[in-house]
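Here is what each chain is made of, one letter per residue.
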Amino acid sequence: MDDDFVASSTPPFLTESLEMAMEVENENSKPPCFSCAFDNQNGGRSFSAESYLASGSLKRVLLRLDPSPNDYEEDVVEMFGFQWVTEMALVESCRLLFGLLRYGNLLISFTSGQAANLHSEAETIRCQCTEFLHYVKVFIFRYLEPPKVEYDGMLHPYEELEAQLPSVLVEELHALTMHIGHLCELPSSVLAAFTIQHQAKVFPPSWHLLHLHLDINWLVLEVLHVLSEKMMRQVVYANRFINLTGENLTSISLFETHCGNLISDLISLSINKYIKVRPSEALTSHHYFCTCIKELWILLIQLLDHRNKGSHTECFWSLVNKNLKNIFERPSSSERMSGFETIQCKDPLSFSWWIITHLASLYQFDRNGNLDEKRKESNWKFVEELLKKSTDAQTAALEEHLRMHLQCCLTLCSFWDLNLSIVTVLWDYYSKNLNSCFTVPWLGLKGLANVSKTSLSMLELVKSCCCEQQIPTLYESSNSYFIFVSILARMMKEAENSGVHPWKQIKGRIYSKFHRRRMKELTEVGLQNFFNLFLMLAIVAETEDIVSRVLDLLDFLTPSSLTVSQRALIWRGHFAFLLIYVEKNMDISVLAEKLSNAFREKAKEFLVTKNDYAQKQNLWTLLSTYIDGVQEVFETSCYLSLSEEKLLNDGFTMLLPACRGTELSMVLNFLQVVLARLRSVHKRVSQGLQLGNTAPDAQLPLAAKEHHLAVASALWRNFFPYLKSQRMSQMPPSPQLADTAAGFTLLALDIPSKALSDLQPQPVLSMMQLFGWDDMVWPQLVSRYLSHLIQNSALCEAFSSMGYTSYEALTVRSWFRCILQMFIDQPSGTLAKTDAERTVGKSYMEQLTEMTRLIFKLSEVENILSKAHVEESVFKQDPKNALVQFIKAVGRTYSGLQTLPDKSAMVAKTLEYLGDVLKYVKPYLKVKGPPEGLQLTYWIIGCLVKFWAPILATSKAQQLLFRIVDCLLLPHSVLQQDKELPVALLSAIQESLPLYLQGLSFICCQSQTQGAYLNQLLGSIIQQYFGRFLPSSPPALGAGQHPMLTALCTSITAPQMLRLRKTTLHVINENYMQFKGNAPPPRLASVLAFILEVLQRTQSAELCDIDLVLPAVLKCMVLVNELQVKKISTDIVQYMVEGCQAGSGGERATQLTCVFRQFIQDYTAVYDHRVFSILETVAVLDQTLVTSLIPTITQSLKDSEHKQGLGRNAAQRFDFYLILFFDNEQ
């Protein structure tokens, strides 16, 4: 019956019973099986609890323990829906049970092609099949007796069956493997189940069939292994099977054959997956479709290597290598090929690298499926053969494949122990191809040869080769040569850690490849590769020996044979070695002197090269390389105690004068970095020494401070003289000059002893005088320089300790100058007035704004502002407005002082704030422009005269006032009446003149000693400018008003206003209202209109108006017939009469009467009709005034008649009668 069943002739009743039983859920515990259902949830890094690894199934098999200690304890076991006697089923019904297993496989194969809703039936069948094979393992372990000595007597039928069981098992297992076939030969619809998402909760029948095949393939090996252990490793022969060569089938041959076929199938599946893998994705694309395949590989590794220890079978790597070799060997078409051998691989070499790398990574898992970081069995011998094929001169792989091969090799280095022969093979290849770019065309710019632009980037690139962590983008970011360097570095570091000294073994091979001819053959790319190799070696091996050798090799290169880019690369390479020295805390003096000497020569050439632009560009390429390198050394050095000062030689004294534009900017930026770095390190070292820190990680170099002094000395000696020479250059200096000067000032504060002798004994004070307080230095430089230092507390303390109290005052003076000279570099001429930010550089305006903010934080300034109750919003104003607010605050503060000493001290401090203010604005006055500069000058100084009038009235400040008047208001050009003043100058004076007039009028009132002279000055100013700003005819309504009118009508104190009014009217009367005979003066209407507007705006008539203006106005009414003059004159008389009501009996009324009395006496005889007409008009305004004048009129009339000698003058008497009549009527 068993034989019949093997032939698949199952009775109908058994088939029906089996199908019914398969619908019943198995109540036993679920045995281990392949499952990837939880792979996605666990990140693909572990296995499900049901797996052979995680469940401990493999471990129990390898340790010869009961495969399932908690199962099959009952007398009866249910399999395939039938009840079987646990201890006898396999002996009595072995072939039947295996037949049921094969039938179950056929049944699940059938359901896999049907509807997907049969998943429950498929899952049940799979569980029953795997449970049976687990039962076989348990039965062999528990109930199968080991082989006994031959027994000649009769055996019981059961004992006879039991004795034949091992052979029967071998036969049935062989039949089972034949039945299921190769994994790779499964239908594509079944293999597609690998791609099902693992988070699915319900899997189709194809998924269960596929995983059942995996279970059977693995469990066959487990059963054979358990059988071998139970039979005490004796060979079990299959009685019914002989292969084609006549050899009997045995348990060992079946194990080896099945193992080989299974590995072949898995490799075949990997080939199918590799087809879609790009070289750049080789390490991130796994060779398995799901974790079940991954687990199967691990199971094979564990089982085969375990058996290999007992010399049962070949090790895992041996079997893999055999299969991979078959890929390279193409069998003839006449030969019979196995299923695996028919698989074609387009790139067997790359595939072999890929599969070996990923299989090596699986060695990290132990028999429980946990990660184990211990070094595992290597496969270097086969990898070495692959490496030779990859680098073979005849069939060398393309760069895109070579990168992938070496990336795999680098990965293997992290899994396996040291193998220097790998390095030898690679060096033989790369030493012949140093000039190659190793590019990958389809990578574009990423694939181009990477020639580093700086020494630091060169070193960082090499350091990345020494990094133990794998770089994900290594394929794109590094060429194959860099990966080779990484492999060499990995080998060197690991060998060093293990106590081996590989450098002594490798050194000869590397050095021997470089000689004079080879060095001269190196291109720029070749030199880059040369440096990359030796930089790596210098990092991981004997630094000094390697650097010495490199210098000797570079000496083979003659300067004439090198291009500029090659020379720059060599310099960068030197600096990269310097950085290694610095990182290893090694003195750099020897290498630094070699580099600095070369720099000195090139700097000298740069200085003397004048017109050869190409030559200068070539030299600058080298010089900028040196500057970048030195900066990187200073930024990298921890304590600046390694002779870094050797790099700052006198080459810079020749370089700086020859630099222009961006070149100078680069050098100054470099200098700022060095200054800041020196100060920072020096401060840290000094603090550490003061604290007495003796911790092991805080041991400071003993010579650090000496080296700091040497660096500071080199900076002062080789850089500062040029800096000093540029502070008063013809053109505005660059901002970096101010930044650098501030850096030197702070250096002088930290290390004063090394400043130049001409700055001693107080270098900080000398620096401030040179760059901050010198009136000849460009304001752009001063403002930026002081902005760095104003709020520096250490600097303030230093000046305090010196007893230098003028620090803040001089800084405020510089601020004054910077604002006044903000247009100093603008072209002169009649430019249209525009917004300051459009005519002044925006950056300078921002700098002035920042400086203003800082100035207002000075203690002296804060004190003044607080006393004057100035709001903080002033700080955010435009710098010009902020300065005016400060001027007002000083004036208010002075006015609030009570005692003479306080006032005297305030005057002195104020004059210190100002300095020689006229010197600041002299450039504007000299060229009469630009208009913005003149406007600013007259406005700011006008504010000084007005708001500091009490201060300027003192004897200490009067000389400054006189100079202001002489320079700004009454210069020689103004006194020349025949010479026309520039429009820009006149416009500036016109806008600001009221400020000066009001201030001077106040001073005239206050001054005790110079009153007469000041009054004379005030009159001169009015005399010069009244006519200049007086229009030819009275201005229309809304037109710009006369500046003196503004001064007179602005709210000022009464004495001040009276003084200004009296002086103004006096000047007008003396110079603009005097008749030449009967001819009126020019622009008389405009003069009268001015006087009228003064009266209208002030709404009062002063005594001075009556004395100085009224007689002239009355004269105009008599002598001038022009209607406009008459109208304005009449209005003036009306305002005066109404303002001086005679009935008041005051001084003004009396004076008014006197003026009219004199007017009547002077003009009645000749102009009697006009005089009486005027008096008629006055009578309307003030009857009392006219009444008081009747006696005078009467006497004048009599005198006139007497003089004429004609008797009574009827016409005059009639006019007089009309006045009397009109007076009586009133």
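Note that the coordinates shown come from a computational prediction; the quantities given were computed from them, not determined experimentally.

Draft legend 1. Local environment of the packing of aromatic side chains. A full pass over the atoms with the stated rule returns 66 aromatic pairs. When the centroid spacing of 5.7 Å and the interplanar angle of 70° are considered together, the rings of Tyr274 and Phe351 count as edge-to-face. Pair noted here: Tyr274 is in helix H10 (residues 251-274) and Phe351 is in helix H13 (residues 348-362), with a separation of 77 residues, a long-range link. Per residue, the accessibility class of Tyr274 equals that of Phe351, and both read buried.

Draft legend 2. Structural view of helix H11 (residues 291-309). In this model H11 runs 27 Å from its N-terminal to its C-terminal C-alpha over 19 residues, within 8% of the 27 Å that 1.5 Å per residue would give. The element H11 is largely enclosed, with a buried count of 16 among its 19 residues. Looking one or two places after H11, you find Ser311, whose phi comes out positive at around 60°.

Draft legend 3. Focus on the side chain of Arg518. Inspection of the secondary structure puts Arg518 in helix H21 (residues 516-521). In this structure Arg518 comes out as buried when scored by relative accessible area, which is 11%. Residues within four places of Arg518 in sequence aside, it is in contact with Ser431, Lys432, Asn433, Leu434, Asn435 and Lys513.

Draft legend 4. Structural view of unusual backbone geometry. Between Gln760 and the following residue, Pro761, the backbone shows a cis peptide bond with an omega angle of 5°. With respect to the helices, strands and loops of the structure, Pro761 is situated in the loop between helix H31 (735-750) and helix H32 (763-771). Note that the residue after Gly929, namely Pro930, is joined by a cis bond; omega there is 0°. Structurally, Pro930 can be placed in the loop between helix H41 (917-927) and helix H42 (931-947). Phi is positive for Arg64, which is not a glycine, with a value near 60°. On the secondary structure map, Arg64 appears in the loop between helix H3 (57-62) and strand S1 (76-79). The residue Phe80 is not glycine, and still its phi comes out positive at about 55°. The exposure class assigned to Phe80 is buried, which follows from its relative accessible area of 2%.

Draft legend 5. The arrangement of the packing of helix H46 (residues 983-1006) against helix H49 (residues 1054-1072) in detail. The interhelical angle for the contact between H46 and H49, taken along N-to-C directions, is 105°, at an axis separation of 8 Å. With respect to their mutual orientation, H46 and H49 come out roughly perpendicular. Along the contact surface, H46 presents Leu997, Gln998, Gly999, Ser1001, Phe1002, Cys1004 and Cys1005, while H49 presents Pro1055, Gln1056, Arg1059 and Leu1060. For the contact of H46 with H49, the class distribution of residues is six nonpolar, four polar and one charged.

Draft legend 6. Geometry of the confidence of the model for the protein. Summing up the model confidence of the protein, the mean pLDDT is 85 and the portion of residues at 70 or higher is 87%. Confidence drops under a pLDDT of 50 for residues 1-28, and excluding neighbours within four residues, the segment shows 35 contacts in the predicted structure. Throughout residues 331-342 the model reports pLDDT below 50, and contacts reaching past four residues in sequence, or to other chains, amount to ten contacts.

Draft legend 7. A look at the pattern of salt bridges. Following the criterion strictly, the structure yields 30 salt bridges and no others. Between Glu593 and Lys646 there is a salt bridge, and its shortest N-O distance comes to 3.4 Å. A residue pair is termed long-range when its members are at least 10 positions apart, and Glu593 in helix H25 (residues 589-608) and Lys646 in the loop between helix H26 (613-636) and helix H27 (651-658) qualify at 53 residues. Looking at Glu593, the relative accessible area reads 37%, which means it is partly exposed. A relative accessible area of 31% means that Lys646 is categorised as partly exposed. Members of the salt-bridge network, linked through shared partners, are Arg95, Arg102, Glu171 and Glu172.

Draft legend 8. Expanded view of helix H6 (residues 119-143). The end-to-end C-alpha separation of H6 is 35 Å, in line with the 36 Å expected for 25 residues at 1.5 Å each. The element H6 is extensively covered by neighbouring structure, given that 19 of its 25 residues are classed as buried.

Draft legend 9. Representation of the nonpolar core. Ranked by internal contacts, the top residues of the largest apolar core, which has 419 residues, are Phe534 and Phe1156. Once residues within four sequence positions are removed from consideration, Phe534 is found in contact with Ile510, Tyr511, Phe514, Ile546, Val550, Leu553 and Phe577.

Draft legend 10. Layout of the environment of Asp1168. Mapped onto the secondary structure, Asp1168 falls in helix H54 (residues 1147-1181). As a C-alpha pair, Asp1168 and Val1118 span 50 residues in sequence and 9.6 Å in three-dimensional space.

Draft legend 11. Quick peek at the pairing of S1. Only one face of S1 is covered, namely the one carrying Val77 and Met79; the face carrying Val76 and Glu78 has none of its residues buried. Note: S1 against strand S2 (residues 82-85), four bridges, orientation antiparallel. Within the sheet, the bridge partner assigned to Val76 lies in S2 and is Val85. Where S1 folds back on S2, the antiparallel hairpin that results is connected by two residues, among which Phe80 adopts a positive phi of roughly 55°.

Cut-off values and rules
Residues numbered from 1 in each chain as written. Predicted model: local features only at pLDDT ≥ 70, side-chain atom pairs only at ≥ 80, totals over all residues. Heavy atoms only, no water. Phe/Tyr/Trp six-rings, centres within 6.5 Å; stacked < 30°, edge-to-face > 60°. Helix = DSSP H or I, 4+ residues; strand = E, 2+ residues; numbered from the N terminus. Buried < 20%, exposed > 50% of the residue type's maximum accessible area, 1.4 Å probe, protein only. Expected span 1.5 Å × (residues − 1). Contact = heavy atoms within 4.5 Å. Axes fitted to C-alpha atoms, helices over the stretch in contact; angles between N-to-C directions. Parallel < 35°, antiparallel > 145°, perpendicular 65-115°, else oblique. Nonpolar A, V, L, I, M, F, W, Y, C, P; charged D, E, K, R; others polar. pLDDT = per-residue confidence, 0-100. Salt bridge = Lys/Arg side-chain N within 4 Å of Asp/Glu carboxyl O. Core = buried A, V, L, I, M, F, W, Y, C linked by side-chain atoms within 4.5 Å. Pairing = 2+ DSSP bridges.

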